[in-house]
Amino acid sequence: MALTLPAHPDHLTDRLHTSGLLAELAHGLGGPFHYLLPDRFDSNLAAFRTALDDAGVEGRVYYAKKANKAGVFIDRCATAGAGVDVASLGELREALGHGVRGEDLVVTGPAKAEALLRVAAQQGALIAVDALDELDRVLTLGLPRPPRVLLRVHPATQPNSRFGLGGEDLDEAMRSCAEADGRVRMEGFGFHLSGYDVQQRADLAGELVELCLKARVLGLQADRISIGGGFAVDYVPADAWTRFLDRQHPGDYHAGKEFTAGDFYPYHSPVAGAGALRGVLAARPARSGPTLAERLREAAVMLLLEPGRALLDRAGASVFTVQGVKDREGYGIVTVDGTSLSLSEQWFNSEYLPDPRLLPAHPGRPHDGAPYRASIAGASCLDSDLLTWRKIAFPSRPQAGDLLVYPNTAAYQMDSNESPFHELPLPPKVVIDHPGAAARPRWRLDH
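Residues numbered from 1 in each chain as written. Predicted model: local features only at pLDDT ≥ 70, side-chain atom pairs only at ≥ 80, totals over all residues. Heavy atoms only, no water.

### Regarding helix 8 (residues 167-178)
Next, step 1: Here helix 8 is twelve residues long and its end C-alpha atoms lie 17 Å apart, about the 16 Å a rise of 1.5 Å per residue gives.
Next, step 2: Of the residues making up helix 8, those classed as buried are L170, A173, M174 and C177. Across the axial projection of helix 8, the buried residues extend over an arc of 95°, all falling on one side.
Next, step 3: Contacts made by the buried residues of helix 8 are with helix 7 (132-139), strand 6 (148-152), strand 7 (185-190) and helix 9 (198-217). (Helix = DSSP H or I, 4+ residues; strand = E, 2+ residues; numbered from the N terminus. Expected span 1.5 Å × (residues − 1). Buried < 20%, exposed > 50% of the residue type's maximum accessible area, 1.4 Å probe, protein only. Arc of directions from axis to C-beta. Contact = heavy atoms within 4.5 Å.)

Spelled out as structure tokens, the structure:
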């Protein structure tokens, strides 16, 4: 029996898939493409803001731009007055060009380039300082107004993390800010934490609140903390995910490729998105005393967060056209008009696991009712160019001209690892505006 992992049902994408629009776009664009649903981004952003409001916590949501390069999501941030998290001069310029104010930007990333620091400070962006030498460079910028900074703290629970200031370095950074004679505005602390553990994030956030109180004694502003991103997305149902992990083995993959559970993103999460933020705010740091929300209110500390994946949940999908099918013993190889570089999970030697959906070019064509198992290959000459190593159970044998739709790929999958290999064009992004508001969805190219 074939191993399946269906995504959560989605009436909006179902409607798009039956509208005929995707086939027209594939024909008109002449290759693979990604479609975007910015209304979903708006809903996810609103859910995070509601979680802050319900907890009585003053907070600010910054969209982590690295999760998707599309301009439409930055447009939405500018319209909604949300912040944007950038990590390069190019990302900063892009955000400003789409109307996001400089003071609504937070600049993260390690060892930032001199030009990035200077432009960020000139625009009034908040700079997450990651090292003592970086702080020294900020202090010597010599600008008319003092740069705004957060000090990023090294997480003791992840000693191998390369991010943040710890121990004596953190103390020295605080002293340097206090003795800077107004050359810097130290607004608080932040951290970069891997994983999705709610309690761990709340514990470290509680430590940052205490650091704010300590920094105020030195005369520093220290009135906000950033807990970064790390809000999981729930892609698939719990029972399907458990069954998949229990049953998957090399025979389920082309060439007997081996994966372990640790190789995969946790595609099911019982606490996800804004719900994860609610969990963090309701948790008790160090598992005792007041909740994090209560501690933030008592200390008059603002909470900053930088979700990327969670703001893009169900906000887009990737569409490829079948170019050919090759039968192998017991399964097939379906070749599409793109490459594995357009699904970036391959970058991590992993798989994007939610099942792709087959949209036949001729929906009414007969089939024998038996599933056809096939792996999905790219159009390059590399043997390793597979979008999906797993043998997907299609309802019938795919044919040239059919479409394959990978669901919920807006976060990281679409463009983290793209390349015009073989001179194949990069898949364009198509924005679907208000798809539920009209009988015929309207579209435009992202800019």
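### Description of the pattern of salt bridges
Next, step 1: In the structure shown here, the tally under the stated rule is 25 salt bridges.
Next, step 2: Of the charged contacts, one joins R390 and D355 as a salt bridge, the two residues approaching to 2.8 Å between their closest N and O atoms. Of this pair, R390 sits in strand 14 (residues 386-394) while D355 sits in the loop between strand 11 (331-336) and strand 12 (357-359), and the two are 35 residues apart along the sequence.
Next, step 3: Classification of R390 as buried rests on a relative accessible area of 1%.
Next, step 4: Counted as one network, the salt bridges with shared partners bring together R148, R185, E187, D223 and R224. (Salt bridge = Lys/Arg side-chain N within 4 Å of Asp/Glu carboxyl O.)

### A look at the environment of V236
Next, step 1: Note on placement: V236 falls in the loop between strand 8 (224-226) and helix 10 (238-247).
Next, step 2: Dropping the residues within four chain positions of it, V236 is found in contact with L5, P6, A7, H8, W241, Y267, H268 and P354.

### What to know about the nonpolar core
Next, step 1: Core analysis: the largest hydrophobic core is formed by 118 residues, its most contacted members being L151, F189 and L303.
Next, step 2: It is helix 9 that contributes the most residues to this core, eight residues altogether.
Next, step 3: L12, A26, L403 and I432 belong to the second-largest nonpolar core, a separate cluster that totals 16 residues. (Core = buried A, V, L, I, M, F, W, Y, C linked by side-chain atoms within 4.5 Å.)

### Overview of the packing of aromatic side chains
Next, step 1: A full pass over the atoms with the stated rule returns 16 aromatic pairs.
Next, step 2: Sitting above the plane of the Y62 ring, R60 keeps its charged end 5.7 Å from the centroid.
Next, step 3: Taking the ring centre of W389 as reference, the NZ or CZ of K257 above it sits at 4.7 Å. (Phe/Tyr/Trp six-rings, centres within 6.5 Å; stacked < 30°, edge-to-face > 60°. Lys NZ or Arg CZ within 6 Å of the ring centre and 35° of its normal.)

### A look at the pairing of strand 14
Next, step 1: For strand 14, a buried count of eight out of nine residues is recorded, marking the element as mostly surrounded by other parts of the structure.
Next, step 2: Of the pairings in the sheet, the one linking strand 13 (residues 372-377) to strand 14 comprises five bridges and is antiparallel in character. Paired with I376 across the bridge in strand 14 is T388. (Pairing = 2+ DSSP bridges.)

### A word on helix 4 (residues 71-80)
Next, step 1: Residues G71, V72, F73, I74, R76 and C77 constitute the buried set of helix 4.
Next, step 2: Taken from the residues just after helix 4, G81 is the one with a positive phi, measuring 70°.

### Thoughts on the packing of helix 7 against helix 8
The description of two helices packed together rests on the angle between their axes and the distance between the axes.
Next, step 1: It is at 10 Å that the axes of helix 7 and helix 8 come closest, and there the two elements cross at 10°. Accordingly, the angle class assigned to the pair helix 7 and helix 8 is roughly parallel. Facing L132, L135 and L139 of helix 7, the residues of helix 8 in contact are D169, E172, A173, S176 and C177.
Next, step 2: Classifying every residue of the contact of helix 7 with helix 8 gives five nonpolar, one polar and two charged. (Axes fitted to C-alpha atoms, helices over the stretch in contact; angles between N-to-C directions. Parallel < 35°, antiparallel > 145°, perpendicular 65-115°, else oblique. Nonpolar A, V, L, I, M, F, W, Y, C, P; charged D, E, K, R; others polar.)

### As for the sheet that holds strand 3 (residues 83-86)
Next, step 1: Strand order in the closed barrel formed by eight strands is 2-3-4-5-6-7-8-9, and the pairing between neighbours is parallel. For this sheet, the mean angle separating the axes of adjacent strands, direction not counted, is 30°.
Next, step 2: Bridge count between strand 2 (residues 59-64) and strand 3: three bridges; the pairing is parallel. The residue bridging A64 from the neighbouring strand is D85, located in strand 3.

### Let's talk about a negative patch on the surface
Next, step 1: The grouping of D133, D136, E168, D169 and E172 at the surface amounts to a negative patch.
Next, step 2: Residue assignment for the negative patch shows that the elements contributing at least two residues are helix 7 and helix 8.
Next, step 3: The dominant element in the negative patch, judged by the number of residues it contributes, is helix 8, at three residues.
Next, step 4: Assignment of secondary structure puts E172 in helix 8.
Next, step 5: For E172, a relative accessible area of 37% gives the class partly exposed. (Patch = residues over 30% accessible without salt bridge, like charges linked within 9 Å, V, L, I, M, F, W, Y side chains within 5 Å. Areas by Shrake-Rupley, 256 points an atom, 1.4 Å probe, with all protein chains shown as cover. Lys, Arg positive; Asp, Glu negative; His and termini not counted. Charge placed at Lys NZ, Arg CZ, Asp CG, Glu CD.)

### Things to note about the side chain of S161
Next, step 1: Mapped onto the elements of the fold, S161 is located in the loop between strand 6 and helix 8.
Next, step 2: Within the structure, S161 has its side chain in polar contact with the backbone nitrogen of F163 (distance 3.2 Å).
Next, step 3: Setting aside residues up to four positions removed in sequence, S161 forms contacts with H154, P155 and H192. (Polar contact = N/O pair within 3.5 Å; in protein donor to acceptor, adjacent residues only side chain to side chain.)

### Details of unusual backbone geometry
Next, step 1: Of note, the phi angle at A286 is positive, near 60°, even though the residue is not glycine.
Next, step 2: Locating A286 in the fold gives a position in the loop between helix 11 (273-282) and helix 12 (292-299).
Next, step 3: Accessibility expressed as a relative area gives 59% for A286, which makes it exposed.
Next, step 4: Although it is not a glycine, Y412 sits at a positive phi angle of roughly 70°.
Next, step 5: Mapped onto the fold, Y412 is located in the loop between strand 15 (403-406) and strand 16 (429-433).

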